[in-house]
Amino acid sequence: MEAYEIKALVEKMGLKKFRASQIISWLYKNPVLDIDSMSNVPLQDRKMLKERADISGLELVKKTDSSERHTSKYLFRAHDGALIETVKIGSGDKITICVSSQSGCALGCLFCATGANGFFRDLSTAEIIGQVTYLISTEKIKINNIVFMGMGEPLLNYENVIKAIRIMNSPDSMGIGIRRITVSTCGLPKQIRKIAGEGMDFNLAVSLNAPNNQERSDLMPINRKFPIEELMKAVDHYIQKTNRRVTFEYILIRGENDSIKDARELAELLSGKLCHVNLISFNRVKGCDFGPASGERINLFYQILANSGVNVTIRKSKGSDISAACGQLAGACIK
Ligand code: SF4
């Protein structure tokens, strides 16, 4: 619920007006996991609240810590058994939370464990926010960045994701800077155009992974429906409308999309665009035969892009030993 909805609910319930800010604070600023822990809300008011609302959305099934420092994966179960994974990366004031927007995913990218397991359902706004508030509450952490790079395609759960971002960003609620929130999409042109008109300046990342339709369709079936030309037109529209830089994620898979020709083609495709490319080595996924590009090839790929004037970074994704890295989230550990 957004702050204004909580205020309206409090008013409807006939509670004192200032209760709304107390409740908002317990939900988003110093989050608690049950209504009874809202210690400055009188017992009678808490009782009434419990009759109308339930804030205990997610149950932690398992937490796994990576051997790489400061990376942990959390497996949650929702009320109907839907499994969700969330990853915490970093420490101190540099903590990033990678949230899921769906339980499973229908898009079936070949390099991704989530896609291989199929789609269960969209997450509600409360379940998206709940991943973050659970970690703030139990781990006593301050969050620096939120990335929608967990399970699911965020733009296929558009309304719930946008509402969750409003709650994350609103100074009335969580107060996380909009530039500290990133939404990663496999590239849905209609929704990318829609974001351009939202007036919300979160970061947009597009999972590209190939410079041409043939290779991209082989890796990402969604490309057969929305080919690169259509995706790029939507991205150009977004850049023109928002003047924001778009990030392209490129997972380098040995023998699939890591040739010199691919690098040159990618440089040409992105030439002159207000964008940045993140090169990510493929993380092994159970049941998938792909392997990571060699370090040497990644460096060469980087050089070709950089020499062509494309902004590019080699990213190391964390938590691969606990299947918490890019493309590895599956909720599979208890299935
Ligand atoms: S990469 Fe993203 S869009 Fe593709 S299957 Fe995985 S979760 Fe879905």
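### Some words on the site of the ligand
- Near the ligand, the surroundings consist of Cys-105, Leu-107, Gly-108, Cys-109, Phe-111, Cys-112, Gly-115, Gly-152 and Cys-186.
- When its residues are assigned to classes, the shell around the ligand shows 6 nonpolar, 3 polar and no charged.

### Thoughts on the packing of helix 5 (residues 125-139) against helix 6 (residues 158-169)
- At a minimum axis distance of 8 Å, the contact between helix 5 and helix 6 shows a crossing angle of 45°. Between helix 5 and helix 6, the crossing angle belongs to the class labelled oblique. The interaxial crossing formed by helix 5 with helix 6 has right-handed handedness. Between helix 5 and helix 6, the contacting residues are Thr-125, Ile-128, Ile-129 and Val-132 on the first element and Asn-160, Val-161, Lys-163, Ala-164, Ile-167 and Met-168 on the second.
- In terms of residue class, the contact of helix 5 with helix 6 is built from 7 nonpolar, 2 polar and 1 charged.

### Overview of unusual backbone geometry
- The backbone phi angle of Lys-140 is positive, close to 55°, even though this residue is not glycine.
- Tracing the backbone shows Lys-140 in the loop between helix 5 and strand 7 (145-148).
- The exposed category is assigned to Lys-140, whose relative accessible area is 68%.
- The residue Asn-209 is not glycine, and still its phi comes out positive at about 70°.

### Side note on the sheet that holds strand 9 (residues 203-207)
- Sheet architecture is open: 10 strands sit in the order 1-2-3-4-7-8-9-10-11-12, paired in mixed fashion. One side of each edge strand has no neighbouring strand; the edge strands of this open sheet are strand 1 (59-65) and strand 12 (311-315). Neighbour-to-neighbour, the strand axes of this sheet turn through a mean angle of 20°, independent of strand direction.
- Alignment of strand 11 (residues 275-281) against strand 12, held across 5 bridges, turns out to be parallel. By the bridge assignment, Leu-279 is partnered in strand 12 with Ile-314.

### Things to note about the domain arrangement of the protein
- Once the domains are mapped, the protein shows domain 1 (3-52) and domain 2 (59-334).
- On a C-alpha basis, the centres of domain 1 and domain 2 stand 34 Å from each other.
- Between domain 1 and domain 2, the residue contacts involve 10 residues of the former and 12 residues of the latter.
- Here domain 1 packs against domain 2, burying approximately 870 Å² in sum over the two surfaces, 58% of which is carbon and sulfur.
- Contact with domain 2 buries surface across domain 1, with Tyr-28, Pro-31 and Leu-33 losing the most and accounting together for 60% of the total.
- Between domain 1 and domain 2 we count 2 salt bridges in total.
- A salt bridge links Lys-7 to Asp-172, with the nearest nitrogen and oxygen atoms 3.8 Å apart.
- Put simply, domain 1 and domain 2 have 4 residue pairs in polar contact (both at pLDDT 80 or more) between them.
- Put simply, the parts of the chain that give the side of domain 1 that touches domain 2 at least two residues each are helix 1 (3-12) and helix 2 (19-29).
- Partitioned by chemical class, the residues of the side of domain 1 that touches domain 2 number 7 nonpolar, no polar and 3 charged.

Basis of the calculations
Residue numbers restart at each chain and count upward from 1, following the sequence in its written direction. Two thresholds apply to this predicted model, a pLDDT of at least 70 for residue-level local features and 80 or more for giving and counting side-chain atom pairs, whereas whole-chain, interface and lining totals are computed over all residues. Think of the side-chain values as coming from all heavy atoms in the structure, minus any hydrogens and water. Whether a residue is near a molecule or strand depends on its heavy atoms: it is near if one of them lies within 4 Å of it. Three classes are used: nonpolar for Ala, Val, Leu, Ile, Met, Phe, Trp, Tyr, Cys and Pro, charged for Asp, Glu, Lys and Arg, and polar for all others, with Gly counted as polar. To get an axis, a line is fitted to the C-alpha atoms, and for a helix only the part in contact is used. The angle between two axes follows their N-to-C directions and goes from 0 to 180 degrees. The helix and strand labels rest on DSSP assignments: H or I over at least four residues marks a helix, E over at least two residues marks a strand, and numbering proceeds from the N terminus. The scheme is simple: roughly parallel for angles under 35 degrees, roughly antiparallel for over 145, roughly perpendicular for 65 to 115, oblique for anything else. For any pair of crossing helices, the crossing counts as left-handed if the nearer helix is rotated counterclockwise from the farther one by less than a right angle, and right-handed if it is rotated clockwise. Contacts are assigned to residue pairs with any non-hydrogen atoms lying within 4.5 Å of each other. Buried, partly exposed and exposed residues are distinguished by accessible area as a fraction of the type maximum, computed with a 1.4 Å probe on protein chains only: under 20%, between the cut-offs, and over 50%, respectively. Should DSSP find at least two bridges between two strands, the strands are regarded as paired. Domain boundaries shown here were taken from an automatic or database domain assignment. Buried area, as used here, totals the accessible surface that two parts lose on assembly, with accessibility defined by a 1.4 Å probe and the loss added over both. The salt bridge definition used is simple: a Lys or Arg side-chain nitrogen within 4 Å of an Asp or Glu carboxyl oxygen. The term polar contact refers here to a pair of N or O atoms within 3.5 Å; inside protein, the definition further demands a hydrogen-donor-capable atom paired with an acceptor-capable atom, and it admits residues adjacent in sequence only when both atoms are side-chain atoms.

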